[in-house]
Amino acid sequence: MSTSSNNRNRKRKKMTRRQRRKRKLMLFIVEVLVILILLAALFVIIKLNKLNNTGDLDEDKLNINIDAKTQELLDGYTNIALFGIDNRSTGKYESGNSDCIMIASINNDTKEVRLISVYRDSFLAVDDDDDLRKLNAAYAKGGPTGAVAALNKNLDLDIKEYVAVDFNAVMEVVDALGGIELDISSKEAETMKIYINEMNEVMGTNGTAVSGPGLQTVNGIQALAYCRDSGGDDYGRTERQRTVISKIVEKAKAASLPTLNKVIDKLFPDISTSLSSSEILGLAAGIKDYELADTQGWPFQLTTERMGGKLGDVVVPTDLETNVNLLHQYLFDVEDYETTQTVKNISKSVINETGKTASDTVRDTNPFTAEDTEADTQTQ
């Protein structure tokens, strides 16, 4: 064999060794990436396992009665019911009055979120018997399924998912974020002292009152006291609840990964939800894109009435049909929405029981007329 042939063979062998080294390096990189992906998946699974997941709610019991046209429109939105349960002990989500009732409506295209507080004393049909009572009784009577069904039935919605939290959740998430900033009035500061003392006694906490009014950073128990402060009516309470949620979302979006990890560790064990792991991951993937566009209390147009028996003061939508029309316009940009016969029937029942119609409106927060008139009438 010639010298030139030997040189070519050695060069070929040398190139082959170089290629092998390159191949080994590529395989090593792929193996590292696979391990990292598996570790990330394991991390997510561990976090999600902290949730109290109840599985899907029984759709046959959720009172979804909307027509095909409305359903097609609502398919462009993700509507989730949010409940704050008035249980002093943690981890009990099957029953209890829902001190806080909200609907988060997410526009799947724009990622805009609108947050509606439904007043807990709203006089509506809360069960299959069409008995009229305060809306917060729906959770106490039927758990999350009953509460979601009541919202769907009275508001012509298609809610299938819920998230429920107890008192502990608000405190822990605010503390994990390092507090939130609130502008507190003198009256709020005084009322918060009462709630903090009560929670210290009932829940075994050791909270302290805010030093006084003004813009300040509050801790978890102070934020919870702010949320629970009725200020004489449920309208102010729900507005404060939405303010705290807005502040939490605002701070969480700007938080570091270690802080968010801390929030998850604290918050997830205090949550009960029907959302599956894949649904949660889908929502979480776009968290930075979500924008809390607006918040409102509902009914927009209402009055109050003292009912007999144990009901006491109730919030009366004036009237229900009008308020549902406005709600669909606000959430889904639908003008001249035609309510279902179910809502029409409930609206007539509310009028018959209370004697209150649209002409009796004493508080109007219609978001399309920019009116904001309030009555002296108060509810608890």
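Residues numbered from 1 in each chain as written. Predicted model: local features only at pLDDT ≥ 70, side-chain atom pairs only at ≥ 80, totals over all residues. Heavy atoms only, no water.

Mind laying out the packing of aromatic side chains, listing which residues take part and the relevant values?
As enumerated under the stated definition, the model contains 4 aromatic pairs in all. Centre to centre, the rings of Tyr77 and Phe332 are 4.9 Å apart; their planes meet at 70°, and the pair counts as edge-to-face. Taken as a pair, Tyr77 in strand S2 (residues 77-85) and Phe332 in helix H10 (residues 320-332) lie far apart in primary sequence, 255 residues in all. With respect to burial, Tyr77 and Phe332 carry one shared label: buried. Between Tyr119 and Tyr235 the ring centres are 5.0 Å apart and the planes differ by 70°, which places this aromatic pair in the edge-to-face class. Taken together, the residues Tyr119 in the loop between strand S4 (112-118) and strand S5 (123-125) and Tyr235 in helix H7 (residues 234-253) connect sequence positions 116 residues apart. For the pair formed by Tyr119 and Tyr235, the shared burial category is buried. Positioned over the ring face of Tyr330 is Arg114, at 5.0 Å from the centre of the ring. Here the basic side chain of Arg363 rests over the ring of Tyr235, its NZ or CZ set 4.2 Å away from the ring centre. (Phe/Tyr/Trp six-rings, centres within 6.5 Å; stacked < 30°, edge-to-face > 60°. Helix = DSSP H or I, 4+ residues; strand = E, 2+ residues; numbered from the N terminus. Buried < 20%, exposed > 50% of the residue type's maximum accessible area, 1.4 Å probe, protein only. Lys NZ or Arg CZ within 6 Å of the ring centre and 35° of its normal.)

With reference to specific residues and values, describe the sheet that holds strand S14 (residues 363-364).
Taken together, the 3 strands give an open sheet; going across it, the order is S13-S12-S14, and neighbouring strands pair in antiparallel fashion. The strands lining the two open edges of the sheet, one partner per strand, are strand S13 (312-317) and S14. Where strand S12 (residues 301-307) lies against S13, 6 bridges are found, and the strand directions are antiparallel. Considered in S13, the bridge of Leu302 is made with Pro317. (Pairing = 2+ DSSP bridges.)

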